[in-house]
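Structure assessment
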Amino acid sequence: CEIGGVFGSSSSSSYSIHFHVKLVEQELWQREEKGLIGILPVRDAAEMTSMDSVLSQGVGSESGERSSKVQISTSDAHKVDGKSHPEVIHWHKRGVAARALHLSRGVEKPSGRVTYIVVLEGLCRFNVEELSTRGPYCTAKISSLEMTKAEMEQVEQDPDFVTLSRQFKATAMELISVLEQKQKTGGRIKVLLETLPLHKLADIFVASFEMSLEEQLSMLDSVDPKVRLSKATELVDRHLQSIRVAEKITQKVEGQLSKSQKEFLLRQQMRAIKEELGDNDDDEDDLAALERKMQNRLDCDHYGLSKVKQRIIEYLAVRKLKPDARGPVLCFVGPPGVGKTSLASSIAAALGRKFVRISLGGVKDEADIRGHRRTYIGSMPGRLIDGLKRVAVCNPVMLLDEIDKTGSDVRGDPASALLEVLDPEQNKSFNDHYLNVPYDLSKVIFVATANRVQPIPPPLLDRMEVIELPGYTAEEKQRIAMQHLIPRVLDQHGLNSEYLQIPEAMVKLVIQRYTREAGVRNLERNLAALARAAAVRVAEQEQAVSVSKDVHKLASPLLDNRLAEGAEMEMEVLPMGVNNNEISTAFKISSRLVVDEAMLEKILGFFFSRHFRHKLSMYDVVRRLEFDDQEAADRVATPGVSVGLVWTNFGGEVQFVEATAMIGNGELHLTGQLGDVIKESAKIALTWVRARAADLKLAPAEEKNVLQGRDIHIHFPAGAVPKDGPSAGVTLVTALVSLFSQKCVRADTAMTGEMTLRGLVLPVGGIKDKILAAHRHGIKRVILPERNLKDLVEVPASVLSNLEILLAKRMEDVLEQAFDGGSPWRQHSKL
Ligand code: ADP
């Protein structure tokens with residue numbers, strides 16, 4: 001059959017249906033006898049969601065008939081006119097035939113815009129056979145999808161249909177009783193339930209719910225009454241559940257609502273919704289979001305450090321949830337340049353608090369912490385109060401830098417004053433002598449840094465949670481450089497990657513040859529030097545373009561500045577003897593500057609291989625900046641030198657031990673700023689070697705005393721750096737055995753370990769740092785005390801895979817591994 005030839009399209013936004021105005025005027029307004037119109041959902045390319053169906057209308061209609069309010073407007077954007085919308089309009093294949101129940105026309109606006117209000121009654125579903133978009137509005141050939149009476153009677157016999165009807169009715173009744181309680185309007189709907197055929201009722205019920213367009217369409221497409229009933233039951237049931245949940249939420253929220261803050265209300269609702277969804281651990285959810293947030297903030301400043309970051313996040317999460325939490329103070333311990341200070345400032349950023357750094361290095365006077373009494377001339381508050389004054393807030397993140405470097409003397413003990421600061425019970429009323437009134441420090445978040453744990457007084461350490469940041473591996477440094485340092489350095493110098501490119505291979509060279517540190521500070525400094533050089537070139541080019549004069553003349557002052565700044569401000573050594581012209585010609589490449597090896601050497605200093613080292617003068621050697629892997633080989637080339645691994649303030653280090661003998665009367669001389677413990681280690685080492693001299697075949701059989709007529713001198717190079725600790729024990733013995741046997745120690749092997757008088761090798765600390773240092777120095781084999789095996793789990797696998805780790809239980813095991821072809825006495829015995 002052909003339906004009235006009239007079509008409208010429905011669109012979503014406000015549950016109104018948009019018609020071409022001509023359709024309304026010609027077919028409805030001007031005609032006495034109103035025809036039927038068809039309503040089809042549309043989907044056009046630009047507006048895939050812009051569909052609606054008449055089913056969503058007719059909410060609570062009094063007659064119970066499906067009816068629909070239709071708004072028509074002359075300047076509507078959703079015209080169905082194919083010409084004004086040349087892009088494809090996807091008409092849904094099925095629609096609803098409707099009759100206009102009521103029609104009214106609004107006053108014509110000056111713009112000529114007329115508004116009609118049409119109330120429609122939906123009659124039956126239809127299928128579009130053929131659609132024509134020509135003419136003032138769309139027309140279509142359709143076929144009805146309504147069942148005949150006989151067909152319907154047959155369906156009603158179907159037992160499935162009967163069950164479905166029952167189910168639907170029960171669910172619908174339940175919904176009505178719930179609504180009745182709420183709105184007291186159920187009566188009329190109940191009557192409907194009894195009188196209307198159920199499959200029609202299904203449409204009416206469902207039309208009153210909010211649901212997705214897909215669901216609406218699927219309902220429209222459900223021609224089979226069984227399918228329709230089952231879908232409707234599901235939707236009614238869902239609506240019922242959502243009403244119940246909403247009620248529960250309201251009850252909960254009302255119960256807990258003390259003040260009507262909007263944010264609070266929303267939070268409670270969200271919580272209740274989550275609870276209802278079975279998402280009970282919403283706290284954890286909050287935490288997860290918080291965690292993600294904080295992780296992003298930490299991640300954008302620092303590469304890696306996953307364990308450290310995890311601990312910081314836990315700490316921050318607790319602080320966020322309970323701002324007055326009394327947790328321990330975090331203390332970052334590690335060598336310089338590993339990111340301790342910057343992590344602390346990231347914490348401040350993550351918490352949105354101000355950051356203040358207080359340096360405690362070298363503080364010996366208690367007044368530095370507590371302030372002077374005002375009776376003193378030139379008295380002033382202590383550093384803490386002064387720091388607070390600087391940031392002018394009472395709740396900053398305060399970094400107590402270098403807490404291991406405080407000392408004590410006659411002027412008191414700053415550590416004991418710090419104890420009061422860090423104790424949450426006491427710092428509520430911190431007493432600064434200058435202020436002379438108790439000051440509440442409990443809102444301040446303290447974070448401390450230290451290079452080493454040992455010097456921190458135990459009571460102070462007791463109040464802190466130590467988080468260790470060991471040094472980075474070469475690979476980690478490489479990634480830190482690529483991801484963080486280079487972008488930062490370029491930015492600081494007003495450059496970007498268009499001006500300067502530092503390829504990964506060059507970064508690797510800088511790491512290998514120019515920096516041998518646990519952290520990345522020198523690396524950053526070297527990268528900055530490259531950036532400055534590029535900045536000079538960019539500035540030169542700009543000037544050259546703007547004045548078009550002799551570039552050389554302009555360039556020189558700039559370069560001079562660069563050299564002066566480089567030499568004095570950054571305290572780095574620049575190659576001498578390279579003339580400015582040479583540098584400037586090297587940079588005068590017109591396109592972007594790509595750092596290559598030649599440029600590295602010009603800016604950072606020569607790297608020279610062994611092959612042409614002999615060509616260099618002493619002067620060149622002095623200004624040598626780089627490190628090379630041959631260092632160990634050169635230094636152990638004579639007997640009496642061994643390679644140790646030690647732990648210093650700068651992380652792990654390779655430490656050479658030199659021993660020599662001279663005519664004398666059996667004395668031991670020790671040099672190299674040694675502490676008591678290391679001196680004792682040297683004595684133990686000598687005693688052990690003397691006691692085992694015969695076994696080790698170190699002295700001719702007839703004179704068993706290796707010290708007969710000679711003195712021994714042991715020196716630890718880098719003579720200005722203080723050294724202490726027992727871990728040089730095995731290294732000392734090895735150096736002595738090498739000296740007495742006149743056999744060189746293997747250059748690729750480094751060692752660490754304490755030795756007892758009886759030759760047992762005891763475990764030592766700082767294994768990870770020491771192994772990283774060995775790796776940095778190109779060492780291939782590391783001898784460790786057997787009981788340090790457990791510490792190897794902390795060492796990155798990439799480092800371990802490049803090293804041979806040898807475990808020693810006794811001193812003999814160490815000697816066995818330290819010399820080529822085994823211990824020297826074995827070699828003797830073979831002879
Ligand atoms: P510390 O306080 O340990 O001596 P800093 O926090 O001053 O070290 O760090 C030195 C420099 O190295 C800073 O510029 C810092 O941003 C950078 N840095 C250190 N570790 C990392 C890392 N993991 N990722 C990115 N940058 C880092």
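Residues numbered from 1 in each chain as written. Predicted model: local features only at pLDDT ≥ 70, side-chain atom pairs only at ≥ 80, totals over all residues. Heavy atoms only, no water.

Helix and strand counts for the protein chain come out as 29 helices and 26 strands. Across the 831 residues in the protein chain, those meeting the buried criterion constitute 45%. Residue pairs in contact within the protein chain that sit at least 24 positions apart in sequence constitute 72% of those at least 6 positions apart. About 41300 Å² of surface is accessible on the protein chain, with carbon and sulfur atoms providing 52% of the total. (Helix = DSSP H or I, 4+ residues; strand = E, 2+ residues; numbered from the N terminus. Buried < 20%, exposed > 50% of the residue type's maximum accessible area, 1.4 Å probe, protein only. Contact = heavy atoms within 4.5 Å. Areas by Shrake-Rupley, 256 points an atom, 1.4 Å probe, with all protein chains shown as cover.)

Attention now moves to the sheet that holds strand β10 (residues 355-359). Sheet architecture is open: 5 strands sit in the order β10-β11-β14-β9-β15, paired in parallel fashion. The open sheet terminates on both sides in strands that have one partner only, identified here as β10 and β15 (464-468). Each strand axis lies, on average, 25 degrees off the axis of its neighbour in the sheet, ignoring direction. Strand direction decides the pairing type here: β10 and strand β11 (residues 397-401), joined by 5 bridges, are parallel. (Pairing = 2+ DSSP bridges. Axes fitted to C-alpha atoms, helices over the stretch in contact; angles between N-to-C directions.)

One finds Phe332, Ile502, Leu527 and Leu600 to be the most contacted residues of the largest nonpolar core, which totals 53 residues. Per-element accounting of this core gives the leading share, 9 residues, to helix α18 (residues 521-547). Leaving out residues up to four positions away in the same chain, Phe332 has contacts with Val308, Ile312, Lys340, Leu343, Ala344, Ile347, Val447, Ala448, Thr449, Ala450, Ile467 and Leu469. Residues Ala659, Trp688, Phe716 and Ala728 belong to the second largest nonpolar core, which totals 38 residues. (Core = buried A, V, L, I, M, F, W, Y, C linked by side-chain atoms within 4.5 Å.)

For the rest of this paragraph, the subject is the side chain of Thr731. Note that Thr731 resides in helix α25 (residues 729-741). For Thr731, a relative accessible area of 2% corresponds to the buried category. Other than its neighbours up to four places away in sequence, Thr731 contacts Ser642, Val643, Gly644, Val657 and Met751.

In the structure shown here, the tally under the stated rule is 24 salt bridges. Residue Arg311 is joined to Glu465 by a salt bridge in which the shortest nitrogen-to-oxygen separation is 2.5 Å. Linking Arg311 in helix α10 (residues 306-321) with Glu465 in strand β15, this pair joins segments that are 154 residues apart in sequence. Owing to a relative accessible area of 24%, Glu465 belongs among the partly exposed residues under this scheme. A salt bridge links Glu420 to Arg370; the nearest nitrogen and oxygen atoms lie 2.7 Å apart. Note that Glu420 is positioned in helix α14 (residues 414-422) and Arg370 in helix α12 (residues 366-370), a separation of 50 residues in sequence. Using a relative accessible area of 12% as the deciding quantity, one classes Arg370 as buried. Within this structure, Arg692, Asp695, Arg810 and Glu812 form a network of salt bridges that share partners. (Salt bridge = Lys/Arg side-chain N within 4 Å of Asp/Glu carboxyl O.)

Taking 1.5 Å per residue as the helical rise, helix α24 (residues 676-691) with its 16 residues ought to reach 22 Å, and the 23 Å between its terminal C-alpha atoms agrees with that figure. Of the surrounding secondary structure, the elements contacted by the buried residues of α24 are β20 (668-671), β21 (710-715), α25, β23 (754-755) and α28 (811-818). (Expected span 1.5 Å × (residues − 1).)

Further remarks concern the site of the ligand. Residues in contact with the ligand amount to 19 residues; listed here are only the nearest, Tyr303, Thr341, Ser342, Arg488 and Arg521. In the model, an oxygen atom of the ligand is placed 2.8 Å from a nitrogen or oxygen of the Lys340 side chain. Ser342 places a main-chain nitrogen or oxygen 2.8 Å from an oxygen atom of the ligand. Look at the ligand: alone it shows 560 Å² of surface, and the protein chains cover 90% of it. Judged by the proximity of its atoms to the pocket grid, the ligand belongs to the second largest pocket. Those elements that place two or more of their residues in the shell around the ligand are α11 (340-351), α16 (474-492) and α18. Broken down by class, the residue content of the shell around the ligand amounts to 8 nonpolar, 6 polar and 5 charged. Taken domain by domain, the makeup of the shell around the ligand includes at least three residues from each of domain 3 (302-468) and domain 4 (474-503 + 521-539 + 590-616). (Near = heavy atom within 4 Å. Polar contact = N/O pair within 3.5 Å; in protein donor to acceptor, adjacent residues only side chain to side chain. 1 Å grid on protein atoms, 1.4 Å probe; cavity = no way out; pocket = protein on both sides within 12 Å on 5 of 7 lines; lining within 4 Å. Sits in = over half its atoms within 2 Å of the grid points. Nonpolar A, V, L, I, M, F, W, Y, C, P; charged D, E, K, R; others polar. Domains from an automatic or database assignment.)

Side chains on a regular strand alternate between the two faces of the sheet. Counting buried positions along β11 yields 5 of 5 residues, so the element is predominantly enclosed. Covered by surrounding structure in β11 are Val397, Leu399 and Asp401 together with Met398 and Leu400, the residues of both alternating faces. Relative to strand β14 (residues 445-450), β11 runs parallel, the two sharing 4 bridges. From the neighbouring strand, Leu400 faces β14, where its bridge partner is Ala448.

This next bit is on the UniProt feature "active site" (unreviewed entry) in the protein chain. Here the UniProt-annotated "active site" (unreviewed entry) positions come out as Ser727 and Lys770. Taking the farthest pair of C-alpha atoms as the criterion, the annotated set spanning 44 residues converges on one region, since that pair is 11.0 Å apart. Mapping Ser727 onto the fold places it in the loop between β21 and α25. Residue class for Ser727 comes out buried when judged on its relative accessible area of 12%. Its location among the elements puts Lys770 in helix α26 (residues 767-776). (UniProt positions renumbered as here; feature names shortened; annotations may be inferred.)

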